[in-house]
Amino acid sequence: MLTAYTDTPAIIAAVNRAGAFRFITKPWQAEHLLLAVGEAREMVYQRRAIRRLVELVAQRNDELAAPWPS
């Protein structure tokens, strides 16, 4: 989140409501912005990988719980 607001309660409310990854203050520096974007990308990648693994474990559990063929 990048904003010109300086009212801390409003900033906190907006961050919580939007689910922002990070709050960057003005004046921002390109290096900090690029770092934040890179970290956000990595977090999204990891969350997706975890979601896929959880789905795979659930599928395997279902397979193990199924009755054996006769």
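What counts, and at which threshold
- Per-chain numbering applies: the sequence of each chain, read as written, is numbered from 1 onward.
- Local features are withheld for residues below a pLDDT of 70 in this predicted model, meaning they are given only at 70 or higher, and side-chain atom pairs are given and counted only at 80 or more; totals for whole chains, interfaces and linings count all residues.
- Side-chain calculation: all heavy atoms of the structure are included, whereas hydrogens and water are not.
- The way it works is that DSSP assigns letters per residue, a run of H or I at least four long becomes a helix, a run of E at least two long becomes a strand, and they are numbered from the N terminus.
- Only the C-alpha atoms count toward the radius of gyration. The rule for a globule is 2.2 Å times the residue count to the power 0.38.
- For every residue, the accessible area (1.4 Å probe, protein chains only) is compared with the maximum for its type, and the residue is labelled buried under 20%, exposed over 50%, or partly exposed between those bounds.
- For this count, His and the chain ends are skipped, Lys and Arg are scored as positive, and Asp and Glu as negative.
- Charge positions come from single atoms, namely NZ of Lys, CZ of Arg, CG of Asp or CD of Glu.
- By salt bridge we mean one thing: a side-chain nitrogen of Lys or Arg within 4 Å of a carboxyl oxygen of Asp or Glu.

1. Description of the overall build of the protein
Consideration 1: A tally of regular secondary structure across the protein gives two helices and zero strands.
Consideration 2: Against the globule reference of 11 Å for 70 residues, the protein gives a C-alpha radius of gyration of 20 Å, more extended than a compact globule.
Consideration 3: With respect to the three principal axes, the spread of C-alpha positions in the protein is 70 × 25 × 10 Å.
Consideration 4: Within the span of the protein, comprising 70 residues, buried residues form 10% of the whole.
Consideration 5: Charged side chains in the protein number 9 positive and 7 negative. The centres of these two groups are separated by 4 Å.

2. Overview of the pattern of salt bridges
Consideration 1: Scanning the model with the defined rule gives two salt bridges in all.
Consideration 2: Here glutamate 39 and arginine 22 are joined by a salt bridge, their closest N and O atoms 2.3 Å apart. In this pair, glutamate 39 is assigned in helix 2 (residues 30-65) and arginine 22 in the loop between helix 1 (8-18) and helix 2, connecting sequence segments 17 residues apart.
Consideration 3: A relative accessible area of 31% places glutamate 39 in the partly exposed class.
Consideration 4: The class for arginine 22 is partly exposed, based on a relative accessible area of 33%.

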